[in-house]
Amino acid sequence: MKGIWLENNQLQLRTDLPIPEPPEGEVLVKVLRAGICNTDLELIRGYYPYNGILGHEFVGVVQTGPNHLINQRVVGEINAACGHCRFCLEGKPTHCENRTVLGIVNRHGAFAEYLSLPEKNIHLVPPQVTTDAATFTEPIAAALQIQAQVKITPQQRVLVVGDGKLGQLIGQTLALTGCDLLVVGRHQEKLANLSSRNIKTGLVNMVEDRSFDIAIDCTGNAEGFAVARRALRPRGILVLKSTYAGNLSLDASALVVDEITLVGSRCGAFTPALELLATNQIDVTYLVHGTYPLNEGLAAFKKAQTKGVLKILLEM
């Protein structure tokens, strides 16, 4: 089969890859569509030493597995857990000590014609959700994970730093809570997407120091972290929603004095994400800036790395 292969920080389109043979408990999925994520771009830059097929945001059709899944459109949670380590037994499979992660850690990903995932990771796509929209299930779930970790109420002032793909989704999902929300970034054209949805936006330099209860950094860079940190009131909550490519320096003493709570936030549950898509409570159509066939996967990655581009999809 064909697939986008990463090795030694170099991408190549391969046509000689074997079709996966799912072990017991897993299903074979024919991939329809897959989205290029910032994590994929970071893996190319060496964020994690991964060799293999990239990609973890996908929609596909089940080819082999239980009868109720055959020929159904599905999405899949990316962490494949062992089921018997202490984290699995505590109901925390995304922190499984033995997990593999689709297209990221020891498991070939979605930028190929087929993939394999455990049946328990698979979710049916509601019929009213388009295939393009369903490719956003994983990042929407990640955005919603913030609300699973931190209680957010209409009385709180909440800041989102970053106007990229994840910042757009976090902004939309947080707006549903009724909180006093501000999303800031450096690109007026991206912020305009949220402004048109009655979400308050602004440039980074308009953020007032010590004026927010919760600040969420989804930039993955030191500047974004600094903006989010200085925006917090004492006893505020700082949510880190991006991986950081380099080392991040911070004033630990100031965190102690202000009694700041640091929250790392990663993967979330798929069911509520699919519900938001099915009920049209979140819009993802404007985020798609291009769709490429798998044969043009290398060009798709080049486009995804272009300044100002949001989501690029691969069509299998």
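Residues numbered from 1 in each chain as written. Predicted model: local features only at pLDDT ≥ 70, side-chain atom pairs only at ≥ 80, totals over all residues. Heavy atoms only, no water.

Student: Mind showing me how you'd approach the overall build of the protein here?
Tutor: The helix and strand tally for the protein stands at 10 helices and 18 strands. A compact globule built from 316 residues should have a C-alpha radius of gyration of about 20 Å, and the protein, at 19 Å, falls within 12% of that. Taking as baseline every contact in the protein between residues at least 6 positions apart, the subset at least 24 positions apart corresponds to 65%. Total accessible area on the protein is roughly 14,400 Å²; 48% of this is exposed by carbon and sulfur atoms. Taken as two groups, the 29 positive and 30 negative side-chain charges of the protein have centres that lie 4 Å from each other. (Helix = DSSP H or I, 4+ residues; strand = E, 2+ residues; numbered from the N terminus. Rg over C-alpha atoms; globule rule 2.2 N^0.38 Å. Contact = heavy atoms within 4.5 Å. Areas by Shrake-Rupley, 256 points an atom, 1.4 Å probe, with all protein chains shown as cover. Lys, Arg positive; Asp, Glu negative; His and termini not counted. Charge placed at Lys NZ, Arg CZ, Asp CG, Glu CD.)

Student: Hey, could you run me through the side chain of histidine 123 in this one?
Tutor: Structurally, the position occupied by histidine 123 is in strand S10 (residues 122-124). Among the residues examined, histidine 123 registers a relative accessible area of 15% and is labelled buried. Reaching out from histidine 123, the side chain makes a polar contact with the side chain of glutamate 77 at a distance of 2.7 Å. (Buried < 20%, exposed > 50% of the residue type's maximum accessible area, 1.4 Å probe, protein only. Polar contact = N/O pair within 3.5 Å; in protein donor to acceptor, adjacent residues only side chain to side chain.)

Student: Quick question: what am I supposed to make of the packing of helix H4 (residues 137-149) against helix H9 (residues 270-278) here?
Tutor: For any two helices packed against each other, one specifies the inter-axial angle together with the distance between the axes. Following both chains from N to C, one finds H4 and H9 inclined at 110 degrees, their axes separated by 8 Å at the closest point. Between H4 and H9, the crossing angle belongs to the class labelled roughly perpendicular. Where H4 crosses over H9, the two elements pack in a sense that is right-handed. Contact with H4, carried on its side by Thr137, Glu138, Ile140, Ala141 and Leu144, involves Phe270, Pro272, Ala273, Leu274, Leu276 and Leu277 of H9 and no other residues of that element. For the contact of H4 with H9, a count of residues per class yields 9 nonpolar, 1 polar and 1 charged. (Axes fitted to C-alpha atoms, helices over the stretch in contact; angles between N-to-C directions. Parallel < 35°, antiparallel > 145°, perpendicular 65-115°, else oblique. Left-handed = near helix turned anticlockwise from the far one by under 90°. Nonpolar A, V, L, I, M, F, W, Y, C, P; charged D, E, K, R; others polar.)

Student: Which parts of the structure should I look at to understand the sheet that holds strand S2 (residues 10-14)?
Tutor: Consider a sheet: its strands pair through backbone hydrogen bonds, and that pairing is either parallel or antiparallel. Pairing is antiparallel in the open sheet, where 3 strands are placed in the order S2-S1-S4. The open sheet has two edge strands with one neighbour each: S2 and strand S4 (52-53). Pairing analysis gives 2 bridges linking strand S1 (residues 3-7) to S4, with the strands arranged antiparallel. Note on S4: the bridge partner recorded for tryptophan 5 is isoleucine 53. (Pairing = 2+ DSSP bridges.)

Student: Would you take a moment to explain the sheet that holds strand S12 (residues 180-185) for this structure?
Tutor: The strand order across the open sheet formed by 6 strands is S13-S12-S11-S14-S15-S16, and the pairing between neighbours is parallel. Here the strands that pair on one side only, and so sit at the sheet edges, are strand S13 (201-203) and strand S16 (261-264). Averaged over all pairs of adjacent strands, the angle between their axes in this sheet comes to 20 degrees, without regard to strand direction. Bridging between S12 and S13 involves 3 bridges; their strand directions are parallel. When the bridges of S13 are listed, glycine 185 appears paired with leucine 203. In the packing of helix H6 (residues 188-195) onto the sheet, the strands contacted are S12 and S13, and the crossing angle to S13 comes to about 165 degrees.

Student: Explanation requested: the domain arrangement of the protein in the structure shown.
Tutor: When the parts of a complex come together, some accessible area is lost, and that lost area is often taken as the interface size. For the protein, the assigned domains read domain 1 (3-124 + 284-315) and domain 2 (142-264). The distance between the C-alpha centroids of domain 1 and domain 2 comes to 28 Å. Summed over both sides, the interface between domain 1 and domain 2 buries roughly 1,000 Å², with carbon and sulfur atoms accounting for 59% of that surface. Viewed at the interface, domain 2 and domain 1 are joined by 0 salt bridges. (Domains from an automatic or database assignment. Buried area = accessible area lost by both parts, 1.4 Å probe. Salt bridge = Lys/Arg side-chain N within 4 Å of Asp/Glu carboxyl O.)

Student: Hey, could you run me through H6 in this one?
Tutor: Three- or four-residue spacings in an α-helix give side chains the same orientation, since the helix completes a turn every 3.6 residues. Of all the positions in H6, only Lys190, Leu191 and Leu194 are classed as buried. Within H6, the buried residues cover an arc of 95 degrees as seen down the axis, which keeps them to one side. Looking at H6, the residues exposed on the side facing more than 90 degrees away from the buried face are Gln188 and Glu189. Buried residues belonging to H6 abut helix H5 (165-175), S12 and S13. (Arc of directions from axis to C-beta.)

Student: It is not clear to me how the packing of aromatic side chains should be interpreted in this structure. Could you clarify?
Tutor: Two aromatic rings are characterised by how far apart their centres lie and by the angle between their planes. The final tally for this structure, using the stated rule, is 1 aromatic pair. Centre to centre, the rings of phenylalanine 111 and phenylalanine 301 are 5.7 Å apart; their planes meet at 80 degrees, and the pair counts as edge-to-face. With phenylalanine 111 in the loop between strand S8 (100-101) and strand S9 (114-118) and phenylalanine 301 in helix H10 (residues 297-304), the pair connects residues that are 190 residues apart, well separated along the chain. For phenylalanine 301, a relative accessible area of 2% gives the class buried. In this structure, arginine 14 packs its charged tip against the face of tryptophan 5, placed 4.4 Å from the ring centre. If you follow arginine 157 out to its NZ or CZ, it ends over the ring of phenylalanine 212, 4.2 Å from the centre. (Phe/Tyr/Trp six-rings, centres within 6.5 Å; stacked < 30°, edge-to-face > 60°. Lys NZ or Arg CZ within 6 Å of the ring centre and 35° of its normal.)

Student: How should I be thinking about the pairing of S12 in this particular structure?
Tutor: Every other side chain in a regular strand lies on the same face of the sheet, so the side chains alternate between the two faces. S12 sits mainly inside the fold: 5 of its 6 residues count as buried. As paired strands, strand S11 (residues 157-161) and S12 are joined by 5 bridges and run parallel to one another. What sits directly across from valine 158, in S12, is leucine 181.

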